[in-house]
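Structural description and commentary
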2 protein chains.
Amino acid sequence: MDNRKQRSERRTDALSRERIVEAAIEILDADGEAALTFRALASRLSTGSGAIYWHVADKGELLAACADAIVVPLMRIEVMAGEPREGIRLIALGIFDAIDRHPWVGSQLFREPWRFGMLQMFESVGARLLKLGVPDKALFDCVSALVSYILGVAGQNAANARMHPEGTDRSSLLAAVAARWEESDAEDYVAVRKMATQLRDHDDRAQFLAGIDLLLNGIAHLR
Amino acid sequence: MDNRKQRSERRTDALSRERIVEAAIEILDADGEAALTFRALASRLSTGSGAIYWHVADKGELLAACADAIVVPLMRIEVMAGEPREGIRLIALGIFDAIDRHPWVGSQLFREPWRFGMLQMFESVGARLLKLGVPDKALFDCVSALVSYILGVAGQNAANARMHPEGTDRSSLLAAVAARWEESDAEDYVAVRKMATQLRDHDDRAQFLAGIDLLLNGIAHLR
DNA sequence: ACCTGAACACCGTTCAAGT
DNA sequence: ACCTGAACACCGTTCAAGT
């Protein structure tokens, strides 16, 4: 996982799809989605902006390739050992953590829902649900629900990162929103007021896992 | 001479935030997110592109205002009559159907997660979960899970619409993907192969509701 | 084959100038 | 106060010309 190379780009290296994707990911991670332009990318690769088009069709394909480079390795189908529920939790957490590190992936996952990575994800989750005894008839709905939920959280994380890039003090931001929630009308906003405290000091990762467990719970009590 | 009355009678109404948002929504619905430019909007409103900036800060605010115009009315907190589970289903379906009609809303909901509409949604869902007997401590996690799931489906629908705009024959597209699923390796893709048939003739709306029910099921079996 | 970089068509946004 | 529309800085993409 930790293949941190020397940053000294040798200008003698030929351009390649992999080098382009690698550089693009560095830009995305460092400065966000808006910073990835063909000009910035070309300059980082010490080449002309047109050169990139020899290896990549357009910006959409470039972003998709970047997302695949992050997500597909996570989806490798491991031997089906271990408790299936735990396996699903680990798959979900793997995606959650990856998107935590690379928030731009979150917005990207929606674009090409039937790409290779998605197939892998359906298989990884589906196989484990089968092992849990989920009937064939309900399988697709259950897997879809889990995947949709994971993507929903991913998308929110990505949006969060886009709006509060890096430095923002998250806990004081949550505190501010929680304060607004607490001040809302006592009659019309009963539930929101009750949730304010939990909003203030919740942990995103734990909350994500709680949602996965709710779904697994619901799946276990099917029919 | 006072000519204000006269002006209000004229056919060309003054520009206003509402008229701008209304026209923007028409463009978004008709031709998608990429078609909404300040130039196109100005031309539809028979005005200069700079004029819009008098009423709207920038494009981000414009898109957010458009999304709010669709979503906020759905979130009106109705009297808490009726069965709570059914109420949550109706709220969720309302959002699903709205995003089905206006797919661009799906991608927009992620951007400003703590906007007014979101507060309303948390209250509408939260109040009903309280009525179901969900303990205060678990409330925020449960509401978050439901909202994340709804947003996840919304985002996927929006992406779908962006990729297959309007005319595409959905059922033959699903059939094509299902065929690929069926042809995948029999050993490595057991689950995917079992899901192929269901993928081919599933209904998005029913599947969405199935996911909501899984979550409600899981919530009901909390302890 | 691969790369260069100017050129093109388009964007969001600004702002002096008008009413 | 509100609107005009040219101008600016930037984009993705193309393509004749180079190696």
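Please refer to the structure higher up on the page.
Now for a quick tour of the structure. Worth saying up front: this structure is predicted, and the values here are computed from it rather than measured.

About the criteria used
Residues numbered from 1 in each chain as written. Chains lettered and ligands numbered in written order. Predicted model: local features only at pLDDT ≥ 70, side-chain atom pairs only at ≥ 80, totals over all residues. Heavy atoms only, no water. Helix = DSSP H or I, 4+ residues; strand = E, 2+ residues; numbered from the N terminus. Contact = heavy atoms within 4.5 Å. Areas by Shrake-Rupley, 256 points an atom, 1.4 Å probe, with all protein chains shown as cover. Lys, Arg positive; Asp, Glu negative; His and termini not counted. Charge placed at Lys NZ, Arg CZ, Asp CG, Glu CD. Near = heavy atom within 4 Å. Polar contact = N/O pair within 3.5 Å; in protein donor to acceptor, adjacent residues only side chain to side chain. Nonpolar A, V, L, I, M, F, W, Y, C, P; charged D, E, K, R; others polar.

Further remarks concern the overall build of chain A. Assigned secondary structure in chain A consists of 10 helices and zero strands. Reading chain A from its N end, one meets helices and strands in the order α-α-α-α-α-α-α-α-α-α. Overall, chain A is about 65 × 50 × 30 Å in size when its C-alpha atoms are taken along their principal axes. For chain A, restricting intrachain contacts to residue pairs at least 6 apart in sequence, the fraction spanning at least 24 positions comes to 67%. Summing over all exposed atoms, chain A offers an accessible surface of approximately 11200 Å²; the carbon and sulfur share of this is 52%. Of the charged side chains in chain A, 27 are positive and 32 negative; the average position of the first set lies 4 Å away from that of the second.

Glancing now at the protein's contact with DNA strand D. Around DNA strand D, the structure places 16 residues, and the nearest of them are A:Arg39, A:Lys59, B:Thr47, B:Gly48 and B:His55. Backbone atoms, meaning sugar and phosphate, make up 52% of the atoms of DNA strand D lying within 4 Å of the protein. Side-chain polar atom of A:Tyr53 to a phosphate oxygen of DNA strand D: 2.9 Å apart, as the coordinates give it. One nitrogen or oxygen atom from the side chain of B:His55 is found 2.6 Å from a phosphate oxygen belonging to DNA strand D. Secondary-structure elements contributing two or more residues to the surface near DNA strand D are α2 (38–44) of chain A together with α4 (49–52) of chain B. Class assignment for the residues of the surface near DNA strand D results in six nonpolar, six polar and four charged.

Attention now goes to the protein's contact with DNA strand C. In the neighbourhood of DNA strand C, 16 residues make up the surrounding shell, with A:Thr47, A:Gly48, A:His55, B:Arg39 and B:Lys59 lying closest. Each atom of DNA strand C within 4 Å of the protein belongs either to a base or to sugar and phosphate, the latter forming 52%. A:Gly48 has a polar backbone atom sitting 2.8 Å from a phosphate oxygen of DNA strand C. A:His55 is positioned such that a nitrogen or oxygen atom in its side chain is 2.6 Å from a phosphate oxygen of DNA strand C. Across the surface near DNA strand C, the residue classes tally to six nonpolar, seven polar and three charged.

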